[in-house]
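Geometric and topological summary
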Amino acid sequence: CVGVILGHLLVTDEAERLTRFLVDHGFRRATARIERHREENEDILVRVVIDAGPRMRLTRVTLVGPAEENGRELNPLIRTIPSSWLKARYAEDDALEADRERIISWYRARGFLSAKATVDVHEDPERERAGVTFRIEEGLHTRVGAVRVEGNHAFDTTTLLAQFELPTGSSYVEGRFRAAR
């Protein structure tokens, strides 16, 4: 019984992995399942059944929100690009997630600590095309209000503050603070 359950879990895992592979290669509606049939000689016949659906060629990548103003700086960060006449490209979930994370990091590096980005894939199955929209919300711009030094007995506070590059009113960026420590 344990072998049957483990075998079922392994087969289910393989079907999910195959489905993910197909989705990541442009078959956004793909499904895969694995059927097992016992043959007369007790061997197991494994049949992989795939319903790939249409492959969605990526025709458009759009930035919406404040990113439209920052497109010149953001576009080089986005690795998901539309198809050209010579090369077909597809909306791959892993690549879209990596692009989304790069967009958020770009905003956070500029003091927008609560920045959010979502990815929408718009499919046109009849034409076998898809478009991608990155929707960005900057959130509030976080600035350094004041820097206080506590527990200092060895050095003058002004001397210690000179070691930090966190002037009052500047954009608060977590990485810059860590680098100053």
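Since we're looking at a predicted model, the values are computed, not measured.

All told, the structure shown has two aromatic pairs when counted by the stated rule. Aromatic side chains W106 and Y107 sit 4.9 Å apart centroid to centroid with 80° between the ring planes, which places their arrangement in the edge-to-face category. Considered together, W106 and Y107 belong to a single accessibility category, that of buried residues. Here the aromatic rings of Y107 and F112 are separated by 6.0 Å at their centres, their planes lie at 75°, and the arrangement is edge-to-face. Take F112: its relative accessible area is 14%, and that puts it in the buried class.

If you trace the backbone, S83 turns up in the loop between α2 (71-74) and α3 (93-108). Looking at S83, its side chain comes within polar contact range of the main-chain nitrogen of R89, at 2.7 Å. Once residues lying within four places of it in the same chain are set aside, the contact partners of S83 are R57, L58, A88 and R89.

With that settled, the discussion passes to the environment of F21. Position of F21 relative to the elements: it lies in helix α1 (residues 2-24). With relative accessibility at 47%, the residue F21 sits in the partly exposed group.

Once that is clear, we can look at α3. When the terminal C-alpha atoms of α3 are compared, their 23 Å separation across 16 residues agrees well with the 22 Å that a helix rising 1.5 Å per residue should span. L96, D99, R100, I103, I104, W106 and Y107 are the residues of α3 that are buried. Summarising the axial view, the buried residues of α3 lie within an arc of 155°, below the 170-degree limit, and thus occupy one face. Along its buried surface, α3 packs onto β3 (57-64), α2, β4 (116-124) and β5 (129-137).

Take the pairing of β4 next. With nine bridges joining them, β4 and β5 adopt antiparallel strand pairing. Bridge pairing links A117 to I136 in β5. If you look at the hairpin formed by β4 and β5, you'll find four residues sitting between the two strands, and E128 has a positive phi there, around 55°.

Criteria and cut-off values
- Residues numbered from 1 in each chain as written.
- Predicted model: local features only at pLDDT ≥ 70, side-chain atom pairs only at ≥ 80, totals over all residues.
- Heavy atoms only, no water.
- Phe/Tyr/Trp six-rings, centres within 6.5 Å; stacked < 30°, edge-to-face > 60°.
- Buried < 20%, exposed > 50% of the residue type's maximum accessible area, 1.4 Å probe, protein only.
- Helix = DSSP H or I, 4+ residues; strand = E, 2+ residues; numbered from the N terminus.
- Polar contact = N/O pair within 3.5 Å; in protein donor to acceptor, adjacent residues only side chain to side chain.
- Contact = heavy atoms within 4.5 Å.
- Expected span 1.5 Å × (residues − 1).
- Arc of directions from axis to C-beta.
- Pairing = 2+ DSSP bridges.

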